[in-house]
Amino acid sequence: MPLMRPFALACALDLALGLSLGLYYTVTYYRRALAPLPGLVALGAPFMYYVAVDERFSTAAQAWLWMACFPAAGVLWRLSLARAPRLFGQAPLRFREVTAKLWPLCWPLVVPMPVAAWLVSRPDGYCDWSGFIAVCLRQHNVASPAWLPWLFMPPALAALALELRGVWRLLAGLAPYRRTIAIAAALVGFILAVCVVGFALAVVQ
């Protein structure tokens, strides 16, 4: 089916983004000085997670919920953007087109993932899979170097710039001021959708 390939690729990259940011926040968690990384899905998915999460859940269940929030937030963002032209009485964009053009653009935030994974895998000073899992599930702490946010912040800004440029080009059929309004409307719709889904997950749980 025409939709499945870009949708599957988008979900795969959203999951990779979730893993990369999950490792980043796991390491910086132990420093207690978090700098949220910019980005549409990079901010929306963690917000959805914190709305939905219940501390009574096991850390393993929390980890699965974290990962699930990223493809969910990715779909909500692309749907919100696809519907934005209707604000001006135009036909909505095709979801497949939006997905195909936007899914690759967060790749810079995945690039530093091996460094964070290396840090997480060394809670006792040597690489160890069981130690890696223990840190991911917050059963073991790990050193949090001060340079890690500085490693992740430039790729996060680059990914945000790439996506905003991609969104601007995607809405090329609208006049510039209408494009700005449409993007703002898509952001509002995305935030509302993230809140609704997060609260719905919290209620269901």
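These numbers come from a predicted model, not from an experiment.

S.K.: What's the story with the packing of aromatic side chains in this structure? I'm lost.
M.R.: For any pair of aromatic rings, the description rests on two quantities: the centre-to-centre distance and the angle between the ring planes. Counted by the stated rule, this structure contains eight aromatic pairs. Between Phe-7 and Phe-95, the ring centres sit 6.5 Å apart and the planes meet at 55°, which makes this aromatic pair tilted. Remark: Phe-95 occurs in helix α4 (residues 95-102) and Phe-7 occurs in helix α1 (residues 4-29); sequence separation between them is 88 residues. Residue class for Phe-95 comes out buried when judged on its relative accessible area of 17%. Seen from their ring centres, Tyr-25 and Trp-66 are 6.1 Å apart, and the 80° between their planes marks the pair as edge-to-face. With Tyr-25 in helix α1 and Trp-66 in helix α3 (residues 59-83), this residue pair connects regions lying 41 residues apart in the sequence. Clustering of aromatic rings is evident, with ring pairs tying together Tyr-24, Tyr-25, Tyr-49, Tyr-50, Trp-66, Phe-70 and Phe-152.

S.K.: I would appreciate a short explanation of the state of the cysteines in the present structure.
M.R.: The bond known as a disulfide is covalent and runs between the sulfur atoms of two cysteines. For the structure shown, the criterion picks out zero disulfides. Cys-11 provides the cysteine sulfur closest to Cys-106, a residue in no disulfide bond, and the two sulfurs are 12 Å apart.

S.K.: What exactly am I supposed to notice about the layout of surface pockets here?
M.R.: One water molecule sets the probe size; rolling that probe over the atoms shows where empty space is left. Here the largest pocket is characterised by a volume of approximately 800 Å³. Taken together, the elements giving at least two residues each to the lining of the largest pocket come down to α1, α2 (40-52), α3 and α6 (129-136). Among the elements that make up the lining of the largest pocket, the one with the highest residue count is α1 (eight residues). Considered class by class, the residues forming the lining of the largest pocket number 24 nonpolar, five polar and two charged. Estimated volume of the second largest pocket: approximately 150 Å³. Looking at the second largest pocket, the residues that line it are Gly-39, Leu-40, Leu-43, Gly-44, Phe-47, Leu-187, Phe-190, Ile-191, Val-194 and Cys-195. Looking at the lining of the second largest pocket, the elements with two or more residues in it are α2 and α8 (176-204). Top element by residues in the lining of the second largest pocket is α8. It accounts for five residues.

How each quantity is defined
- Residues numbered from 1 in each chain as written.
- Predicted model: local features only at pLDDT ≥ 70, side-chain atom pairs only at ≥ 80, totals over all residues.
- Heavy atoms only, no water.
- Phe/Tyr/Trp six-rings, centres within 6.5 Å; stacked < 30°, edge-to-face > 60°.
- Helix = DSSP H or I, 4+ residues; strand = E, 2+ residues; numbered from the N terminus.
- Buried < 20%, exposed > 50% of the residue type's maximum accessible area, 1.4 Å probe, protein only.
- Disulfide = S-S within 2.5 Å.
- 1 Å grid on protein atoms, 1.4 Å probe; cavity = no way out; pocket = protein on both sides within 12 Å on 5 of 7 lines; lining within 4 Å.
- Points joined across faces, edges and corners; volume = space filled by probe spheres on them.
- Nonpolar A, V, L, I, M, F, W, Y, C, P; charged D, E, K, R; others polar.

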